[in-house]
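# Geometric and topological summary
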Amino acid sequence: MVPLSSYLIVSAILFGLSMAGIIINRKNLIVILMCIEMMLLAVNFNFIAFSQYLHQTTGEIFVFFILTVAAAESAIGLAILMLLYRNRRTINVQELDTLKG
Amino acid sequence: MWLTHVVFYVFSALLLFSAVMVIVSRHPVRGVLFLVLTFVCSAVLWMLLQAEFLSLVLIFVYVGAVMTLFLFVVMMLNVEQIPKVEGFVRYLPFAILAVLVMVGLMTMAILPKHFAMAGQLQPIMHPESYSNVKSLGAVLYTEYLFPFEVASVLLLVAIIAAISLAFRGKRAKGQDVDHQVSVKKADRLKIVKM
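This write-up is about the structure you can find in this document. Every chain begins its residue count from 1, and numbering advances along the sequence as written. Chains carry letters from A onward and ligands carry numbers from 1 onward, assigned in written order. Since the coordinates come from a predicted model, pLDDT governs what is reported: local features require at least 70, and pairs of side-chain atoms require 80 or more to be given and counted, while whole-chain, interface and lining totals use all residues. Working from all heavy atoms in the structure, the side-chain values ignore hydrogens and water.

## Considerations on the overall build of chain A
Keep this limit in mind: Put simply, DSSP marks the helices as runs of H or I at least four residues long and the strands as runs of E at least two long, and each gets a number from the N terminus on. Each radius of gyration reported is based on C-alpha atoms, and the globular scaling rule is 2.2 Å times the count of residues to the power 0.38. Residue contacts are counted whenever heavy atoms from the two residues lie within 4.5 Å of one another. Accessibility throughout is a Shrake-Rupley quantity obtained with a 1.4 Å probe, and a residue counts as covered only by protein chains that appear here. Counted charges follow a simple rule, with Lys and Arg positive, Asp and Glu negative, and His plus the chain ends left uncounted. To locate a charge, take NZ of a lysine, CZ of an arginine, CG of an aspartate or CD of a glutamate.
The number of helices and strands found in chain A is three helices and zero strands. Since a compact globule built from 101 residues should have a radius of gyration of about 13 Å, the 17 Å found for chain A marks it as more spread out than a globular shape. If you line up chain A on its principal axes, its C-alpha atoms span 55 × 25 × 15 Å. In chain A, of all internal contacts separated by at least 6 residues, the share reaching a separation of at least 24 is 60%. A total accessible area of about 3,900 Å² is found for chain A, and carbon and sulfur atoms account for 66% of it. Positive and negative charge centroids in chain A, built from 6 and 5 side chains respectively, lie 16 Å apart.

## Some remarks on the packing of helix 2 (residues 29-53) of chain A against helix 3 (residues 58-88) of chain A
This is how it is decided: Here, axes are lines fitted to C-alpha atoms. For helices the fit covers the stretch in contact, and angles between N-to-C directions go from 0 to 180 degrees. What sets the label is the angle itself: under 35 degrees gives roughly parallel, over 145 gives roughly antiparallel, 65 to 115 gives roughly perpendicular, and the rest give oblique.
Between helix 2 of chain A and helix 3 of chain A, whose axes approach to 10 Å, the crossing angle comes to 175°. Between helix 2 of chain A and helix 3 of chain A, the angle falls in the class roughly antiparallel.

## Concerning the nonpolar core
Quick note on the threshold: Here the nonpolar core consists of buried residues drawn from Ala, Val, Leu, Ile, Met, Phe, Trp, Tyr and Cys, with membership extended through side-chain atoms lying within 4.5 Å. Buried, partly exposed and exposed residues are distinguished by accessible area as a fraction of the type maximum, computed with a 1.4 Å probe on protein chains only: under 20%, between the cut-offs, and over 50%, respectively.
With 78 residues, the main nonpolar core has Leu14 and Leu81 of chain A together with Leu54 and Phe70 of chain B as its most contacted residues. At the level of secondary structure, the elements contributing two or more residues to this core comprise helix 1 (4-24), helix 2 and helix 3 of chain A together with helix 1 (2-24), helix 2 (28-48), helix 3 (52-77), helix 4 (88-109) and helix 5 (132-140) of chain B. Here the element with the most residues in this core is helix 2 of chain A; it accounts for 15 residues. When sequence neighbours within four positions are dropped, the list of residues in contact with Leu14 of chain A reads Met38, Leu41, Ala42 and Phe45 of chain A together with Leu15, Leu16 and Ala19 of chain B.

## Regarding helix 1 of chain A
Selection criterion: The span you would expect from a helix comes to 1.5 Å times its residue count less one.
Counted at 1.5 Å a residue, the expected span for helix 1 of chain A with its 21 residues is 30 Å, and the 31 Å between its end C-alpha atoms agrees. The buried count for helix 1 of chain A comes to 16 of 21 residues, which makes it a mostly enclosed element.

## Section: the state of the cysteines
Simply put, the disulfide is a covalent bond whose two ends are the sulfur atoms of two cysteines. Note the following rule: Counting rule for disulfides: a pair of cysteine sulfur atoms within 2.5 Å.
For the structure shown, the criterion picks out zero disulfides over all chains. Free of any disulfide, Cys35 of chain A has its nearest neighbouring cysteine sulfur in Cys41 of chain B, separated by 17 Å. On the basis of relative accessible area, Cys35 of chain A is assigned to the buried category, the value being 0%. Here Cys41 of chain B falls in the buried class, since its relative accessible area comes to 1%.

## Topic: the interface of chain A and chain B
As a reminder of what qualifies: When two parts are put together, the accessible area they lose, computed with a 1.4 Å probe and summed over both, is reported as buried area. The rule for a salt bridge is simple: a side-chain nitrogen of Lys or Arg has to be within 4 Å of a carboxyl oxygen of Asp or Glu. Counted as a polar contact is a pair of N or O atoms within 3.5 Å, where, for protein atoms, one must be capable of donating a hydrogen and the other of accepting one, and residues adjacent in sequence contribute only when both atoms are in side chains. Residue polarity follows a fixed list, in which Ala, Val, Leu, Ile, Met, Phe, Trp, Tyr, Cys and Pro are nonpolar, Asp, Glu, Lys and Arg are charged, and the others, Gly among them, are polar.
Tallying the contact residues gives 66 residues for chain A and 77 residues for chain B. Interface area lost by chain A to chain B is led by Met1, Ile24 and Met34 of chain A, which between them contribute 10%. Run the count over chain A and chain B and you get zero salt bridges. Counting across the chain A and chain B interface gives three residue pairs in polar contact (both at pLDDT 80 or more). The set of elements that each furnish at least two residues to the side of chain A that touches chain B consists of helix 1, helix 2 and helix 3 of chain A. In terms of residue count, the dominant contributor to the side of chain A that touches chain B is helix 3 of chain A (23 residues). In terms of residue class, the side of chain A that touches chain B is made up of 48 nonpolar, 13 polar and five charged.

See the structure below:
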């Protein structure tokens, strides 16, 4: 049987990679949104691994809700992204530095 | 069983590879497609963990809806290909440091020295008659009914927010058939006496 630690390490590496993706990304706002989705995926991994190895369904229920929230958040994030593009004509992260509406 | 190990290692390697390619790819469309591959690999790994309903829901909801939305938005925004990822090399040491610190910390927390329970936990291999949907439903609709309803309100709020943000109203150029039919001669023709 694959030990629990293997799943937790995979999810930790995925989380770290997404964080690195947010840090090194300087050009594209969409990559940031994608890295947020990957972070949520890593957390879901953790929940499901523990749910399996501790013989409870609570972890899977929580993943259910995380999926719901992640879908809602990505929809709204993309709507905001589109509005930003309409107004500023760019999605370069470094050029979105004014708070002026 | 050795097949479980093989499947686990192959698909987690593919998962981490496609996660790296999401970050590193220059064209956003390729990044989104690699993210789709990431989700599909994690669905396979969730199947290994006997969370069958959730792995299929991942493919339905996440890949089928959210990633499709991402692709639509990426293609609509017409983002040009990044010729050179500037700032990549400058910030790479910080990124590597952050990744090493975070992953190292998390790995240290699950070493047998600190988390001795990990080696002794064994999953229950359910029989074929086990239905993951049934066991999830038994808990979701009884104990967690209130969060379930709140989640549906949350989705409604998300719909309203997304529509109110992105909807621009009726386009100016369109055919208003009622107006066209009710037009009179005086609206269209003006006779001028020369």
